[in-house]
Amino acid sequence: MGWNIGNTGEAGLFVGGENIIVDNLIFYLDPGDYNCVPDGTSTDSTCTELALGDTGNVTSTGNDIGDLWTESDGAPCFQFNGSTEYITFPTIDISKFVTGNSTTAGAITSCVWFRTSHMDGTADGGILFIENYTHGIFISNGNLKLFAADDDSGPDETTVVDVTAYNDDNWHFLVGVMNNTTSTIGDTAASACAIYIDDMITPVATDTLASSFEFRDTDANLNIAAHISNTWFYQGEIGPVMMYSDYCLSEEERVINYNYHRHRYYDTAIG
């Protein structure tokens, strides 16, 4: 699943395999991959084709996605100011991401590398969000939250972990899984959801979906670094983002994805 490129007996840098998990991958945005963000416009990028087909260009507050690209401590990433900057994919076809309007169908995995020291309970920010409150990861009231709103005004689903340990200006890898089906997917049980951060084996938070829960099925924007429905902007850096349609990554698959980019974000890799 990867190689340690340090000297024998040393931690070194753990480098992942040849690729991330691509089965069921519906969205992939990687600031370190020229093919994913070519020439700063992303109009013909592989991530756009994979996620959205011909639905439109990537924009960041009306500008090119390249305007947010930077290299922070040697790591390629997008940097956001917490007030106006974000990346939006307009009006995605939600049916490509998750099955909605069903109490026994729908699963989704969202993965994101992030780094911040600005979300300590005094600020709220969307990290990854399908608007109309459909599904996302955001920071609010000092907590990291994995969220999805019910389609029929039933109970919304939120899995919560205290953000304090991750508000340290180091890079962290988060995987959120939600399984609304009647069967185990990967290693996520039926009606279960969980958040994994850095440790891809033991979740830092878990929850159980209500029996009446249904994912929403209304098309909406997919935003990175903003939860526009609440006007919450993220301040900090975001690296690769991956989303998997109607699927929950297994432990082995989460580890593969973590190790693939781990050498870039070495605060977490060898810290």
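Each remark here, short or long, concerns the structure printed above.
Residues numbered from 1 in each chain as written. Predicted model: local features only at pLDDT ≥ 70, side-chain atom pairs only at ≥ 80, totals over all residues. Heavy atoms only, no water.

S.K.: Looking at this model, I keep getting lost on the environment of Phe 89. Mind explaining?
M.R.: Position of Phe 89 relative to the elements: it lies in strand E6 (residues 87–92). The buried category is assigned to Phe 89, whose relative accessible area is 0%. Separated by 135 residues in the primary sequence, Phe 89 and Ile 224 have C-alpha atoms spaced 8.6 Å apart. (Helix = DSSP H or I, 4+ residues; strand = E, 2+ residues; numbered from the N terminus. Buried < 20%, exposed > 50% of the residue type's maximum accessible area, 1.4 Å probe, protein only.)

S.K.: How should helix H2 (residues 251–262) be read in this particular structure?
M.R.: Side chains of residues three or four places apart in an α-helix project in the same direction, reflecting 3.6 residues per turn. Over its 12 residues, H2 extends 16 Å from the first C-alpha to the last, a length consistent with the 16 Å expected when each residue adds 1.5 Å. Among the residues of H2, those classed as buried are Glu 253, Arg 254, Val 255, Ile 256, Asn 257, Tyr 258, Asn 259, His 261 and Arg 262. (Expected span 1.5 Å × (residues − 1).)

S.K.: Which parts of the structure should I look at to understand the nonpolar core?
M.R.: Side chains of nonpolar character tend, in soluble globular proteins, to be buried together. Formed by 47 residues in total, the largest nonpolar core has its most connected members in Phe 27, Leu 144 and Ile 224. Listed in part, the 26 residues of the second largest apolar core include Cys 111, Phe 173, Tyr 196 and Tyr 247. (Core = buried A, V, L, I, M, F, W, Y, C linked by side-chain atoms within 4.5 Å.)

S.K.: Is there a simple way to think about the pairing of strand E7 (residues 107–115) in this case?
M.R.: For a regular strand, side-chain orientation follows a simple rule: the groups alternate between the two sheet faces. Of all nine residues in E7, nine are buried; the element is thus mostly enclosed. Side chains Ala 107, Thr 109, Cys 111, Trp 113 and Arg 115 project from E7 onto one buried face, and the interleaved Ile 108, Ser 110, Val 112 and Phe 114 project onto a second face that is buried too. Pairing analysis gives eight bridges linking E7 to strand E12 (residues 172–179), with the strands arranged antiparallel. Its bridge partner being in E12, Ser 110 is matched across the sheet by Gly 176. Relative to strand E18 (residues 235–245), E7 runs antiparallel, the two sharing seven bridges. Residue pairing across strands places Thr 109 opposite Tyr 244, the latter belonging to E18. (Pairing = 2+ DSSP bridges.)

S.K.: Any chance you could explain the environment of Glu 131 here in plain terms?
M.R.: Tracing the backbone shows Glu 131 in the loop between strand E8 (125–130) and strand E9 (135–140). Residue classification places Glu 131 among the buried residues on the basis of a relative accessible area of 7%. Between the alpha carbons of Glu 131 and Asn 230 there is a distance of 9.6 Å; along the sequence they are 99 residues apart. Among the polar contacts listed, one links the side chain of Glu 131 to the side chain of Asn 223, at a separation of 3.0 Å. One polar contact links Glu 131 to His 227, side chain to side chain, over a distance of 3.4 Å. (Polar contact = N/O pair within 3.5 Å; in protein donor to acceptor, adjacent residues only side chain to side chain.)

Just geometry here; none of it tells us what the structure is for.
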